[in-house]
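Topology and contacts: notes
Here is what each chain is made of, one letter per residue.
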Amino acid sequence: MPVMLIDAHCHLDFSDFDADREAVFARAKNVDVEHFVVPGTMSSRWQNVLALGKRDDVSIGLGLHPYFIEAHREADIEALERALDENDGVIAVGECGIDARFDDTWDQQWHFFNAQLRLAKTRKLPVIIHCVQANDQVAKRLRQLKLPAGGLIHAFSGSPEQAQAFIDLGFVVGLGGAVTYPRAKRLHRAVRSLPDDGFVLETDSPDMPLCGQQGERNEPANVAKVCRQVARLREQSEEAIAAASTQTAARLFSLPLDLDGAR
Ligand SMILES: [Zn+2]
């Protein structure tokens, strides 16, 4: 029996999937992608995320994503705190973070990110971090805060040294479609350098298409292809990569999985 895979980061609540969500789940399961971590992005969408979280095969985070900074209000921070109180099924704070491509909202991004990091710290929850062109600044902040439950640097794209800095802080890096591009030489070096328990597999669906699928909607079934490419880069078997990444995701997010039974 093949080892089960987890999509450690996918936005299955997005309207991109409204027309065929069940078929998307079915295609993923066809290639042994059996569990899905869906983060929250803005307060108006949390209800949809919470609804998905009622499924046994979905675990959820709640957070305020830097990409949607214009949508966030100061009151959303308190609303997030309340939502975490009222829903004990929420396994992480996030998606939150810093995206340096939008430098005009830099200060606001840090304001909301810091508030969510503090929540993750007081509640001892892992944090799901979106970090684009800001690896060193984010690592510096995490070093100051010392979060008790670590977290995920999702869609990691950086150097071996930056990956190691996050791992030293108790974080793991998320590997997704970016690893399938031949030109991503620095990221490939980072993938080869990671310890077996330092990464999880993800898609960021519907975004981050794999090489050869540019312009198409991404979906969790593609975790199997990410697994194949990571195995190739690390010169390990696909089974070994699947087992390691699934175990790491289960540990990081305390997922309610029977890993032995699932094999
Ligand atoms: Zn995301």
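The following paragraphs examine the structure supplied in this document. (Residues numbered from 1 in each chain as written. Predicted model: local features only at pLDDT ≥ 70, side-chain atom pairs only at ≥ 80, totals over all residues. Heavy atoms only, no water.)

**Some thoughts on the side chain of aspartate 57**
The topology assignment puts aspartate 57 in the loop between helix 2 (46-52) and strand 3 (58-62). What makes aspartate 57 buried here is its relative accessible area of 10%. Here the side chain of aspartate 57 touches lysine 29 through a polar contact of 2.4 Å, side chain to side chain. (Helix = DSSP H or I, 4+ residues; strand = E, 2+ residues; numbered from the N terminus. Buried < 20%, exposed > 50% of the residue type's maximum accessible area, 1.4 Å probe, protein only. Polar contact = N/O pair within 3.5 Å; in protein donor to acceptor, adjacent residues only side chain to side chain.)

**Some thoughts on the coordination of the zinc ion**
Only His9 (NE2), His11 (NE2), Glu95 (OE) and Asp204 (OD) from the protein coordinate the zinc ion, and they sit 2.1 to 2.4 Å from it. Coordination at the zinc ion is irregular: its four donor atoms span angles of 83 to 173° at the metal. In primary sequence terms, the donor set of the zinc ion follows H-x1-H-x83-E-x108-D. Accessibility expressed as a relative area gives 0% for histidine 9, which makes it buried. Owing to a relative accessible area of 2%, histidine 11 belongs among the buried residues under this scheme. (Donors = N, O, S within 2.8 Å, 3.2 Å for Na, K, Ca; no water. Tetrahedral: all angles 85-135°; square planar, octahedral: opposite > 155°, others 65-115°.)

**So, the side chain of aspartate 13**
Residue position: aspartate 13 is located in the loop between strand 1 (5-7) and helix 1 (21-30). The contact partners of aspartate 13, leaving out residues within four places of it in the chain, are Arg21, Val38, Pro39, Arg45, Asn48, Val49 and Leu52. (Contact = heavy atoms within 4.5 Å.)

**Observations concerning helix 4 (residues 106-123)**
With 18 residues, helix 4 extends 26 Å from end C-alpha to end C-alpha; this agrees with the ideal 26 Å at 1.5 Å per step. Taken together, the buried positions of helix 4 are Gln109, Trp110, Phe112, Phe113, Asn114, Ala115, Gln116, Leu117, Leu119 and Ala120. Close packing links the buried residues of helix 4 with helix 3 (75-86), strand 4 (90-99), strand 5 (127-132) and helix 5 (135-145). Where helix 4 terminates, the next one or two residues include lysine 124, which has phi positive at roughly 55°. (Expected span 1.5 Å × (residues − 1).)

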